[in-house]
Amino acid sequence: MENNTIHIITILWGKAYDEQDVNRLFAMITNNTSYPICFHLFSDESLPELNPVIIQHSEPRLAAHEQLQHLNYRKEVGLCDNSLGNLHDKRVFFFDLDVIITGNLDEMFIYPKGNEFYIINDWNTEGTHVGQASCYSFVVGTLVFIKEAFELDYTTVVEAYGTASQEYLSAMIMESKGRLNFWPEHWCKSFKYHCLPHPLLRHLRTPKKPDPKTKLLAFHGNPGIE
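These notes cover the structure that comes with them.

On to the pairing of strand β4 (residues 91–95). Each regular strand displays side chains that alternate between the two surfaces of the sheet. For β4, the buried fraction is high: five of the five residues fall into the buried class. Where burial is concerned, the two faces of β4 agree: the one with Arg91, Phe93 and Phe95 and the one with Val92 and Phe94 are both buried. Sheet topology note: the strand β1 (residues 6–11)/β4 ladder contains three bridges and is parallel. Across the sheet, residue Ile8 finds its bridge partner in β4, namely Phe93. Here β4 runs beside strand β7 (residues 131–139); their pairing, made up of five bridges, is antiparallel. Bridge assignment links Arg91 to a residue of β7, and that residue is Val139.

This is the structure:
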């Protein structure tokens, strides 16, 4: 890592989140690491209340970008851009805006080896073939083949995967690398699966706190639906 600086990336579009959510994520990360942070936001929104320390970039464009505005391919594929934020050859750590940082991140920031891709093992699937994209890390420039393949025949990809863009990302990594590298299981937990009581008991019991070893709590999907 150049000067030990950690490059954090996130992306913002639509109406579900705003600059205060970006500012909150920035604060949570910087308060939970001893490393200097360079925080990059990719968005075409007008953000007058964005923390001035945050570096804003235009969102990477994809073929048929506007047609894909409601799909996460704009994240999982768009961020595979070869020159993303002028960060070529630098390791970046992506965090979704719907995560809560619950522990120190220093271990996570030094965990990746070489140019390997790291992601959460998806809680919705069994096995080791799908990553959950609330938090993942890669070296910019090593995933450009995913963006190139998508733009070559994006209609076929969307027909095959629907809105499951993280499954497409995972499949492409598996095809190229033969496997997915996952964060240690106890680092990243799901509010839905690890904190909420059984659906029949949710009106009687409050959610439990995550394990003290947890670093990140993801609020993926709709936590109220099983």
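Bringing the sheet that holds strand β10 (residues 216–218) into the picture now. One open sheet holds the three strands; their spatial order is β5-β10-β9, and the pairing between them is mixed. Every interior strand has two partners, whereas the edge strands, β5 (99–101) and β9 (188–190), have only one. This sheet shows a mean twist of 25° between the axes of neighbouring strands, independent of strand direction.

Among the nonpolar cores identified, the biggest contains 31 residues, and Ile29 and Phe95 are the most heavily contacted of them. Those elements that place two or more of their residues in this core are β1, α1 (19–30), β2 (37–42), β4, β5, α3 (106–110), β6 (118–121) and β10. When residues in this core are grouped by element, the largest group, five residues, is from α1. Those residues in contact with Phe95, other than ones at most four positions away along the chain, are Ile8, Ile9, Thr10, Leu25, Ile29, Ile101, Leu105, Met108, Phe109, Ser134, Cys135 and Leu216. Membership of the second largest hydrophobic core comes to 28 residues, among which are Leu79, Leu87, Val140 and Val157.

Moving on, we get to α1. Between its terminal C-alpha atoms α1 stretches 16 Å, which fits the 16 Å expected from twelve residues at 1.5 Å a residue. Within α1 the residues assigned to the buried category are Glu19, Asp21, Val22, Asn23, Leu25, Phe26, Met28 and Ile29. Here the buried face of α1 lies against β1, β2, β4, β5 and α3. Measuring from the backbone nitrogen of Gln20 back to the side-chain oxygen at the start of α1 gives 2.9 Å, which picks out Asp18 as the cap.

The rules behind the values
Residue numbers here run from 1 along each chain, matching the order of that chain's written sequence. Two thresholds apply to this predicted model, a pLDDT of at least 70 for residue-level local features and 80 or more for giving and counting side-chain atom pairs, whereas whole-chain, interface and lining totals are computed over all residues. Each side-chain value is worked out from all heavy atoms of the structure, with water and hydrogens disregarded. Relative accessibility decides the category of a residue: with a 1.4 Å probe and only protein chains considered, values under 20% of the type maximum give buried, values over 50% give exposed, and everything between is partly exposed. Helical segments are the DSSP runs of H or I of at least four residues, strand segments are the runs of E of at least two, and each set is numbered from the N terminus. When DSSP finds two or more bridges between two strands, those strands count as paired. Only the contacting stretch of a helix is used when fitting its axis, a line to C-alpha atoms as for every element, and angles between N-to-C directions run 0 to 180 degrees. Throughout, nonpolar core names a set of buried Ala, Val, Leu, Ile, Met, Phe, Trp, Tyr and Cys residues whose side chains join them through atoms within 4.5 Å. Here a residue-residue contact requires only that any non-hydrogen atoms of the pair lie within 4.5 Å. Any helix carries an expected span of 1.5 Å times its number of residues minus one. Here a polar contact is taken to be a pair of N or O atoms separated by no more than 3.5 Å, where protein atoms must pair a possible hydrogen donor with a possible acceptor and residues adjacent in sequence count only if both atoms sit in side chains.

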